[in-house]
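# Examining the three-dimensional arrangement
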Amino acid sequence: MKHFRMPAAAAVLLSATLLVTAAQPASAHEPPLRALADRADLRIGTAVDMTALADDTAYRRTTAREFSSLTAENVMKWESVEPQRGTYDWSKADELVRFARAHGQAVRGHTLLWHNQLPAWLTTGVADGSIDAAELRGILHRHITAEVGHFKGRIYQWDVVNEVFNDDGSLRDSLWLQKLGPSYIADAFRWAHAADPKAKLFLNDYNVEGVNAKSTAYYELAKKLRAEKVPVQGFGIQGHLGIQYGFPGDVSENLARFADLGMQTAFTEVDVRMILPADAEKLAKQATYFRGLLDACLGTRSCKSFTVWGFTDKYSWVPGVFTGQGAATPLDEAYAKKPAYTALAEALSEGR
Ligand code: G3I
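Residues numbered from 1 in each chain as written. Predicted model: local features only at pLDDT ≥ 70, side-chain atom pairs only at ≥ 80, totals over all residues. Heavy atoms only, no water.

## Some points on the overall build of the protein chain
Looking only at helices and strands, the protein chain features 15 helices and ten strands. Relative to the 2.2 N^0.38 estimate, which gives 20 Å for 352 residues, the radius of gyration of the protein chain is 23 Å and therefore close to what a compact globule would have. With the principal axes as the frame, the protein chain shows a C-alpha extent of 95 × 40 × 40 Å. With 352 residues in all, the protein chain has 52% of them scored as buried. Put simply, the protein chain shows about 15600 Å² of open surface, and 55% of that area lies on carbon and sulfur atoms. Between the averaged position of the 39 positive side-chain charges in the protein chain and that of its 41 negative side-chain charges there is a distance of 7 Å. (Helix = DSSP H or I, 4+ residues; strand = E, 2+ residues; numbered from the N terminus. Rg over C-alpha atoms; globule rule 2.2 N^0.38 Å. Buried < 20%, exposed > 50% of the residue type's maximum accessible area, 1.4 Å probe, protein only. Areas by Shrake-Rupley, 256 points an atom, 1.4 Å probe, with all protein chains shown as cover. Lys, Arg positive; Asp, Glu negative; His and termini not counted. Charge placed at Lys NZ, Arg CZ, Asp CG, Glu CD.)

## Here we look at the site of the ligand
The ligand sits among 13 residues. The nearest are Glu-73, Lys-77, His-110, Glu-163 and Glu-269. Glu-73 is positioned with one of its side-chain polar atoms (N or O) 2.4 Å from an oxygen atom of the ligand. Contacts to the ligand include Glu-163, whose side-chain N or O atom sits 2.9 Å from a nitrogen atom. Considering the ligand on its own, with 800 Å² of exposed area, one finds that the protein chains cover 47% of that surface. Partitioning the shell around the ligand into residue classes produces three nonpolar, six polar and four charged. (Near = heavy atom within 4 Å. Polar contact = N/O pair within 3.5 Å; in protein donor to acceptor, adjacent residues only side chain to side chain. Nonpolar A, V, L, I, M, F, W, Y, C, P; charged D, E, K, R; others polar.)

## A short note on the packing of aromatic side chains
The final tally for this structure, using the stated rule, is 16 aromatic pairs. Both rings, one in Trp-78 and one in Trp-176, keep their centres 5.8 Å apart while their planes meet at 10°; by these two values the pair is stacked. Of this pair, Trp-78 sits in helix α5 (residues 78-81) while Trp-176 is found in helix α9 (residues 175-180), placing the two residues 98 residues apart along the sequence. Centre to centre, the rings of Tyr-219 and Phe-258 are 5.7 Å apart; their planes meet at 90°, and the pair counts as edge-to-face. Of the two residues, Tyr-219 sits in helix α11 (residues 213-227) while Phe-258 sits in helix α12 (residues 251-260), which places them 39 residues apart along the sequence. The class for Tyr-219 is buried, based on a relative accessible area of 17%. The structure contains a cluster of three or more aromatic residues connected by ring pairs, namely Tyr-59, Phe-67, Phe-311, Tyr-315 and Tyr-335. A cation sits over an aromatic face here: Lys-214 above Tyr-206, 3.7 Å from the ring centre. One cation-aromatic arrangement involves Arg-273 over Phe-322; the distance from NZ or CZ to the ring centre is 3.8 Å. (Phe/Tyr/Trp six-rings, centres within 6.5 Å; stacked < 30°, edge-to-face > 60°. Lys NZ or Arg CZ within 6 Å of the ring centre and 35° of its normal.)

## What to know about the state of the cysteines
Counted under the stated rule, the structure contains one disulfide. Disulfide pairing is shown between Cys-297 and Cys-303; the S-S distance is 2.1 Å. On the S-S bond that ties Cys-297 to Cys-303, the torsion sits near -95°, and the link is left-handed. The class for Cys-297 is buried, based on a relative accessible area of 0%. (Disulfide = S-S within 2.5 Å.)

## Regarding helix α10 (residues 184-195)
Across its twelve residues, α10 extends 17 Å between first and last C-alpha, which sits within 8% of the 16 Å expected from 1.5 Å per residue. Where burial is concerned, most of α10 is hidden: nine out of the twelve residues are buried. Restricting attention to buried positions, one finds in α10 the residues Tyr-184, Ile-185, Ala-186, Asp-187, Ala-188, Phe-189, Trp-191, Ala-192 and Ala-195. At its buried positions, α10 is contacted by β3 (106-113), α8 (133-150), β4 (157-162), α9, β5 (200-205) and α11. (Expected span 1.5 Å × (residues − 1). Contact = heavy atoms within 4.5 Å.)

## Observations regarding the layout of surface pockets
The calculated volume of the largest pocket comes to roughly 340 Å³. Surrounding the largest pocket, 20 residues form its lining, Glu-163, Gln-238, His-240, Glu-269 and Trp-317 being those nearest its centre. Across the lining of the largest pocket, the residue classes tally to six nonpolar, eight polar and six charged. (1 Å grid on protein atoms, 1.4 Å probe; cavity = no way out; pocket = protein on both sides within 12 Å on 5 of 7 lines; lining within 4 Å. Points joined across faces, edges and corners; volume = space filled by probe spheres on them.)

Following this line, the structure appears as structure tokens:
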């Protein structure tokens, strides 16, 4: 048989073409984050904006493809589920749970008790004195029992109390503390446990990634509650970071001390904002922050889930709250992967 010799220049051109055409389908079929996370025995999650899920096909597809855990960004909060006193509206939250079930995803419950997004009937009633302390305690008991009971068996982790400490480690001066005193925290966990004994019950806050006054206040509280047999099983670290503030120190040490108490841990709301406009250097730095938190999570078996607070800059809460800041999520506004996405995929590929 005669050998055909290709001219060198043509060979280079052909192999370059092959490389390019070979790269395209390969990148289109890269394993999604959830497949990589499965191998690492971790749930990878996102907060879900229910309006975007209803209206935006690319958002819906990406939610289904990439994540194995979903958190309602807003629709499980008290103002959403009981807009009028005694009248529950589970419709949006049920929709999220149905979507998750259809796509083989777990659901994190967020959140039973917070100082924000409370129904107006409750805050007004407390402010004008028409709801006194005894009645407020009954209202809280009924709310937790109703909500946890409604979703019984369908939520694997509940954020029972959210953001109850100040950064200096003192208890937040919320209406809960003012009217009920500090025992409202133990009550909330006991009531949630009674309504769904299998769900893992979490404390959850921001600025608690590393060892500091606030995370230490949570550590001491968790230790005390567990000694008193209060069913507190998890510590949720939100993980709202900004590249202009530096990466928190001691993240692994912080996770380890909660694990030593026998608790689960989770990153529950991770995003990494920056001062706009974004550029290559800032995006590269952002990627190292995402990866730093995920590596800490992968470094301990106690860390069961890692959730981003939105996956596309198109719907992130950040620019609406921090003027001039944004680009905080792993995909840009057109759903293109940023270095942060690649960093998450690489960390998951390397496993525990
Ligand atoms: O529901 C109303 C809607 O009726 C109205 O038309 C619209 C007009 O702006 O506002 C809607 O409410 C907004 C709600 O999100 C639902 O979209 C509120 O204004 C807005 O303030 C609210 O923001 C949410 C914020 O919590 C409230 O504190 C963000 O989406 C949500 O990402 C954010 O999430 C919190 C976590 O729960 C706890 N940790 C911090 C995190 C970021 O702030």
